[in-house]
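Topology and contacts: notes
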Amino acid sequence: MTARKATLTVDGNPTTLELPVHAGTIGPDVIDVQSLVGKGYFTFDPGFMSTASCESKITYIDGDKGVLLHRGYPIEQLAEKSDYLEVCYLLLYGELPTATEKQHFVRTVMRHTMVHEQLQFFYRGFRRDAHPMAIMCGVVGALSAFYHDALNITDEAHREVAAFRLIAKMPTLAAMSYKYSIGMPFMYPDNSLDYASNFLHMMFGNPCETTKVNPVLAKAMDRIFLLHADHEQNASTSAVRLTGSTGANPFACIAAGIAALWGPAHGGANEAVLDMLEEIGDESRIPEFIARAKDKNDPFRLMGFGHRVYKNFDPRAKVMKQTCDEVLSELGLENDPLLRIAKALERIATEDEYFIQKKLYPNVDFYSGIILKAIGIPKQMYTVIFATGRTIGWIAHWHEMISASYKIGRPRQLYTGAPQRDFVGIDKRG
Ligand code: SDX
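**Thoughts on the packing of aromatic side chains**
Two measures describe an aromatic ring pair: the distance that separates the ring centres and the angle between the ring planes. With the rule as written, the count across this model stands at 19 aromatic pairs. Here F199 and F225 contribute two aromatic rings whose centre-to-centre distance is 5.5 Å and whose plane-to-plane angle is 70°, an arrangement assigned as edge-to-face. One end of the pair, F199, is in helix α7 (residues 195-204); the other, F225, is in helix α8 (residues 215-227), with 26 residues separating them in the sequence. Comparing F199 with F225 shows no difference in burial state: the two are buried. Ring plane angle 50° and centroid distance 5.1 Å describe the contact between F313 and Y361, whose orientation is recorded as tilted. Of this pair, F313 sits in the loop between α12 (286-294) and α13 (315-330) while Y361 sits in the loop between α15 (353-357) and α16 (365-375), and the two are 48 residues apart along the sequence.

Right under this line is the structure:
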């Protein structure tokens with residue numbers, strides 16, 4: 001098949017530029033603009049609204065249809081039939097594991113759940129009221145100080161053990177940040193438990209009693225990790241790729257992803273959703289907040305609504321809403337006031353012309369916080385949970401990039417500053 005191309009003509013430039021066009025398996029074609037710099041041009045795309053930063057085989061999103069595929073498998077099917085560690089295997093290796101492969105993968109992950117005993121002393125440097133995301137930025141970056149034995153990113157075995165260490169230790173570090181904030185002793189992992197049960201054990205267990213984990217809550221926790229696992233080239237994953245492109249070690253890259261995720265426009269939205277629902281306080285006040293969200297002069301946005309890619313329902317939000325109903329009925333909280341407000345808000349917003357016209361629908365963050373609150377996890381831990389689930393996505397993208405040929409990421413700019421001028425001595429300034 002002849003190579004397809006786009007032609008570009010620029011006013012005042014007689015030369016017609018020819019740019020290759022590449023097609024993916026599914027999704028929009030891309031116009032390859034790499035040659036433009038050699039012809040004296042940059043592309044201009046703040047926020048990367050129209051930019052494909054890389055080629056990837058991991059996740060595909062169709063924002064108009066509300067489709068999310070991990071290695072080709074729809075998120076709805078994975079949420080119903082798979083579990084978080086199986087999806088970790090899928091994202092990392094590209095195929096669903098056989099029973100033997102899954103057993104080996106789970107056993108290997110569960111054998112890396114402990115952290116170096118010295119690491120606990122990093123927590124003591126923080127105030128007890130430090131935001132757990134601040135702690136996670138610090139301690140995950142610090143992991144690279146403990147693993148000098150496997151930081152050669154060109155070595156496949158080193159990359160794999162770093163992946164196992166990060167998948168396995170994030171729940172441990174996350175639970176430690178919670179325990180530290182409430183002055184309770186850290187809990188060691190219990191590797192006889194499954195991944196999500198072990199996390200709840202480390203969060204809510206104490207050394208004086210045997211932990212009893214509610215299987216319904218453990219299943220919900222596993223589903224939440226699974227729904228957050230990966231999401232194509234979102235801001236934090238792009239931060240991980242850009243950091244990784246410099247050759248930085250995987251722990252530093254994941255710390256960069258955690259920092260990027262923290263913002264309320266991204267992973268920090270789940271905590272902001274709870275703040276918003278609590279501020280609304282009663283269904284009668286919903287119209288007031290809808291009006292504020294539509295008011296151009298009011299910076300308030302309906303947290304948990306809207307998405308750069310989804311212009312339809314976020315498929316994860318639908319599964320999260322169903323999980324929310326399951327958990328709250330299991331706990332006898334069907335009439336939870338925040339859930340009632342959230343459901344009323346969703347109904348009113350998705351019927352409102354402004355939200356319909358701007359294609360603003362609930363996203364993954366809208367219901368997750370209500371489930372986490374019902375499980376007993378405090379608001380400040382919600383983005384830590386998101387980061388824990390997303391760690392596999394960050395690692396899979398990092399691994400995909402480092403395993404192939406890559407260049408350091410170094411965008412250019414449209415410069416609109418001062419033209420060149422000579423220095424003026426202080427005695428001659430106005
Ligand atoms: C995540 O990228 C990913 O995949 C992210 C994520 C992942 O899994 O990694 O899916 C996770 O980050 C989900 C998003 C969580 N964030 C929130 O819920 C915060 C609230 N939402 C927004 O701030 C916003 O919708 C974004 C940041 C999510 C998307 O912003 P965009 O794509 O840059 O769109 P925009 O800000 O240009 O908004 C387009 C229009 C604007 O109006 P106009 O200027 O065109 O008149 O829609 C309006 C916005 O004012 N708008 C909203 C709104 N979101 C957008 N108005 C009210 N409430 C909102 N929530």
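**A few points about the pattern of salt bridges**
Counted under the stated rule, the structure contains 20 salt bridges. For D298, the salt bridge is made with R292, and the minimal N-O distance between the two is 2.7 Å. Salt bridges linked by common partners bring D83, E86 and K102 together as one network.

**What about the sheet that holds strand β5 (residues 67-70)?**
What the three strands build is an open sheet, ordered β4-β5-β6; its pairing is antiparallel. Of all the strands in the sheet, just β4 (59-62) and β6 (73-74) have a single pairing partner and so form its edges. Strand direction decides the pairing type here: β5 and β6, joined by two bridges, are antiparallel. Looking at β6, one finds that H70 is bridged to Y73.

**Comments concerning the site of the ligand**
Contacts to the ligand come from 24 residues, most closely from H231, L302, H307, R316 and R390. Between an oxygen atom of the ligand and a side-chain N or O atom of H231, the distance comes to 2.6 Å. A distance of 3.0 Å is found between an oxygen atom of the ligand and a side-chain nitrogen or oxygen belonging to H266. Here the residues of the shell around the ligand sort into ten nonpolar, seven polar and seven charged.

**Some remarks on the sheet that holds strand β2 (residues 13-22)**
As summarised here, the arrangement of the three strands in space is β1-β2-β3, forming an open sheet in which the pairing is antiparallel. Pairing within the sheet leaves two strands with one partner each, and these edge strands are β1 (5-10) and β3 (30-31).

**Brief notes about the packing of helix α5 (residues 132-142) against helix α10 (residues 250-261)**
Helix packing geometry: the angle between the two helix axes and the distance between the axes. Orientation of α5 relative to α10, taken along the N-to-C sense of each, is 170°, at an axis distance of 8 Å. Taken as axis vectors, α5 and α10 run roughly antiparallel relative to one another. Between α5 and α10 lies a crossing of left-handed hand. For the pair formed by α5 and α10, the contact residues are M133, M136, C137, V140 and G141 on the first element and F251, I254, A255, I258 and A259 on the second. In the contact of α5 with α10, the residues fall into nine nonpolar, one polar and no charged.

**A word on the pairing of β1**
Two faces make up the sheet, and in a regular strand the side chains alternate between them. Here β1 pairs with β2 via five bridges, running antiparallel. Its bridge partner being in β2, K5 is matched across the sheet by P20.

**What to know about helix α14 (residues 337-350)**
The end-to-end C-alpha separation of α14 is 20 Å, in line with the 20 Å expected for 14 residues at 1.5 Å each. Of the positions making up α14, those classed as buried are L338, L339, I341, A342, A344, L345, E346 and A349. Looking at the buried positions of α14, the neighbouring elements they touch are α11 (269-280), α12, α13, α15 and α16. The backbone nitrogen of L338 has a side-chain oxygen 2.9 Å away, supplied by the residue at the start of α14, namely D336.

**Here's the deal with the side chain of D222**
The topology assignment puts D222 in helix α8. Summary of buried charges: D222 has no salt-bridge partner, and the nearest side chain of opposite charge, K219, is 4.9 Å away. Within the local environment of D222, its side chain forms a polar contact with the backbone nitrogen of Y84, the two atoms lying 2.9 Å apart. The contacts of D222, once residues within four sequence positions are left out, are D83, Y84 and A196.

**Let's talk about the pairing of β4**
One ladder, built from four bridges, connects β4 with β5; its direction is antiparallel. Across the sheet, Y60 pairs through a bridge with L69, a residue of β5. A loop of four residues connects β4 with β5, the two strands running antiparallel in sequence, and G66 in this loop sits at a positive phi of about 65°.

**With respect to unusual backbone geometry**
For R71, which is not glycine, the phi dihedral falls at a positive 50°. You can call R71 partly exposed: its relative accessible area is 21%. One non-glycine residue, E232, adopts positive backbone phi at about 60°. Looking at where E232 falls in the secondary structure, it is placed in the loop between α8 and α9 (235-244). A relative accessible area of 26% means that E232 is categorised as partly exposed.

Definitions and limits used
Residues numbered from 1 in each chain as written. Predicted model: local features only at pLDDT ≥ 70, side-chain atom pairs only at ≥ 80, totals over all residues. Heavy atoms only, no water. Phe/Tyr/Trp six-rings, centres within 6.5 Å; stacked < 30°, edge-to-face > 60°. Helix = DSSP H or I, 4+ residues; strand = E, 2+ residues; numbered from the N terminus. Buried < 20%, exposed > 50% of the residue type's maximum accessible area, 1.4 Å probe, protein only. Salt bridge = Lys/Arg side-chain N within 4 Å of Asp/Glu carboxyl O. Pairing = 2+ DSSP bridges. Near = heavy atom within 4 Å. Polar contact = N/O pair within 3.5 Å; in protein donor to acceptor, adjacent residues only side chain to side chain. Nonpolar A, V, L, I, M, F, W, Y, C, P; charged D, E, K, R; others polar. Axes fitted to C-alpha atoms, helices over the stretch in contact; angles between N-to-C directions. Parallel < 35°, antiparallel > 145°, perpendicular 65-115°, else oblique. Left-handed = near helix turned anticlockwise from the far one by under 90°. Contact = heavy atoms within 4.5 Å. Expected span 1.5 Å × (residues − 1). Lys, Arg positive; Asp, Glu negative; His and termini not counted.

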